[in-house]
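Take a look at the letters that make up each chain.
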Amino acid sequence: FTVTDTYGNTNATTAIITVEDSISPTADAQDITIELDASGNANLLASTIDQSTDNCSITSSTLDITVFDCNALGDNTVTLTVIDQSGNTDTTTAIVTVEDNSDPVAAAQNITMQLGTNGTVDILAIDLENGSTDNCSIANSSVDISTFNCSDLGDNTVSFTVTDPFGNTNSTTAIVTVVDTIDPVAIPTSDPIIVELDENGEGSLFGISYDGGSTDNCGVVLDEISPLDYTCDDLG
């Protein structure tokens, strides 16, 4: 600080001028959508959504939530805090929308199913489950064919589909082998069967009905009787 009189004489001394900044920064954050990775996690840096300003400069910005997982699917409110070089602070909020766009991995096992007494068998998708995985979880599973009947005996290829909580799906195939191990019920006719011997003393059951209504869960496809041929030795 220098003073000068009218004759040009001067003298100087010093003083301390302390410059202060008492104006808080203006916190501003943009909403953002982030995607979970293959392990079901996502990280967010404050700088990714920070759009704050200050009359001088901002020295730090922080978020109250930086790690998201499958429990955070959907909209999440986060708080951004900014601090300028003088220690002034301000906060604001933003919406972080967490999405899961990773498809699950469907795994299905081949199974063998036994037809019931009514000639049908039903399966559930869980019967085919063989360790399907997802970065979050499997919400549900389904199979395109769930009911089988006698016309499906043998190997049948079905499509097994799994869906995660965010609607992502994946499908694979499996073999459903349908078997019938239920014996038919043989019912002979209640009417007497008479075989007339011919002039050679021989007779046969060919052409004679001897089935009295035999049943099977898939229908009787072949019935036979033994012996078919008779001679004089069989009289009676």
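Residues numbered from 1 in each chain as written. Predicted model: local features only at pLDDT ≥ 70, side-chain atom pairs only at ≥ 80, totals over all residues. Heavy atoms only, no water.

Some words on the overall build of the protein chain
Per the secondary structure count, the protein chain includes 2 helices and 16 strands. For the protein chain, whose C-alpha radius of gyration is 44 Å, the value lies well above the compact-globule estimate of 18 Å for 236 residues. Dimensions of the protein chain, computed from the C-alpha atoms along their principal axes, are close to 170 × 20 × 15 Å. Of all 236 residues assigned to the protein chain, the portion counted as buried reaches 26%. For the protein chain, the share of sequence-separated contacts (at least 6 apart) that also reach a separation of at least 24 residues comes to 58%. (Helix = DSSP H or I, 4+ residues; strand = E, 2+ residues; numbered from the N terminus. Rg over C-alpha atoms; globule rule 2.2 N^0.38 Å. Buried < 20%, exposed > 50% of the residue type's maximum accessible area, 1.4 Å probe, protein only. Contact = heavy atoms within 4.5 Å.)

Some details on the sheet that holds strand S3 (residues 32-35)
On the basis of which strands lie adjacent, the open sheet formed by 4 strands has the order S3-S8-S7-S5 and mixed pairing. Unpaired on one side and paired on the other, S3 and strand S5 (58-63) mark the two borders of the sheet. Here the average twist between neighbouring strands, direction ignored, is 35°. The sheet contact formed by strand S7 (residues 74-84) and strand S8 (residues 89-99) spans 10 bridges and is antiparallel. Looking at S8, one finds that Val78 is bridged to Ala94. (Pairing = 2+ DSSP bridges. Axes fitted to C-alpha atoms, helices over the stretch in contact; angles between N-to-C directions.)

A short note on the state of the cysteines
Applying the stated criterion across every chain yields a total of 2 disulfides. Residue pairing for Cys70: its cysteine sulfur links by disulfide to Cys136, the two sulfurs lying 2.0 Å apart. Note on the Cys70 and Cys136 pair: the S-S dihedral is about -90°, so by sign convention the disulfide is left-handed. Of the two residues, Cys70 is situated in the loop between strand S6 (67-69) and S7 and Cys136 in the loop between helix H2 (125-128) and strand S11 (140-143); the sequence distance between them amounts to 66 residues. A relative accessible area of 23% means that Cys70 is categorised as partly exposed. (Disulfide = S-S within 2.5 Å.)

Observations regarding the sheet that holds strand S13 (residues 154-163)
Reading across the sheet, the 4 strands line up as S9-S14-S13-S11 and stay open at both edges, with mixed pairing between neighbours. Pairing within the sheet leaves two strands with one partner each, and these edge strands are strand S9 (111-114) and S11. Within this sheet the neighbouring strands show an average axis-to-axis angle of 35°, counted without direction. Relative to S13, S11 runs antiparallel, the two being bridged by 4 bridges. Within S13, the position partnered with Asn140 by the bridge is Thr163.

Brief notes about the nonpolar core
Taken as a class, soluble globular proteins show a tendency for nonpolar side chains to be buried jointly. By size, the foremost hydrophobic cluster in this structure holds 19 residues, and its most contacted members are Ile34, Leu44, Ile49, Phe68 and Val96. Looking at this core, the elements with two or more residues in it are S3, helix H1 (46-49), S7 and S8. Once residues lying within four places of it in the same chain are set aside, the contact partners of Val96 are Ile32, Ile34, Leu44, Phe68, Gly74, Asp75, Asn76 and Val78. Counting residues in each nonpolar core, the second largest holds 17 residues, with Ala106, Leu115, Val162 and Val178 among its members. (Core = buried A, V, L, I, M, F, W, Y, C linked by side-chain atoms within 4.5 Å.)

Re the environment of Ile193
Counting through the fold element by element, Ile193 comes out in the loop between strand S14 (169-179) and strand S15 (202-204). Here Ile193 falls in the partly exposed class, since its relative accessible area comes to 35%. Counting along the chain gives 24 residues from Ile193 to Thr169, while the straight-line C-alpha distance between them is 64 Å.

Some thoughts on the side chain of Ser52
Its place among the elements puts Ser52 in the loop between H1 and S5. Polar side-chain contacts of Ser52 include one of 2.9 Å to the backbone nitrogen of Asp28. Side-chain polar atoms of Ser52 contact the side chain of Asp50, separated by 2.6 Å. If we skip the residues at most four places from it in the chain, Ser52 touches Thr26, Ala27, Asp28, Ile58, Leu80 and Val82. (Polar contact = N/O pair within 3.5 Å; in protein donor to acceptor, adjacent residues only side chain to side chain.)

Points about the pairing of S7
With 5 bridges joining them, S5 and S7 adopt antiparallel strand pairing. Among the inter-strand pairings, Ser60 is bridged to a residue of S7, identified as Ile83. Hairpin connection from S7 to S8: 4 residues lie between these consecutive antiparallel strands, with Gly87 at a positive phi of about 90°.

Comments concerning the environment of Gly116
Assignment of secondary structure puts Gly116 in the loop between S9 and strand S10 (120-122). For the pair Gly116 and Ile182, spaced 66 residues apart in the sequence, the C-alpha separation amounts to 7.8 Å. Excluding its chain neighbours within four sequence positions, the residues that come into contact with Gly116 are Ile182 and Asn217.

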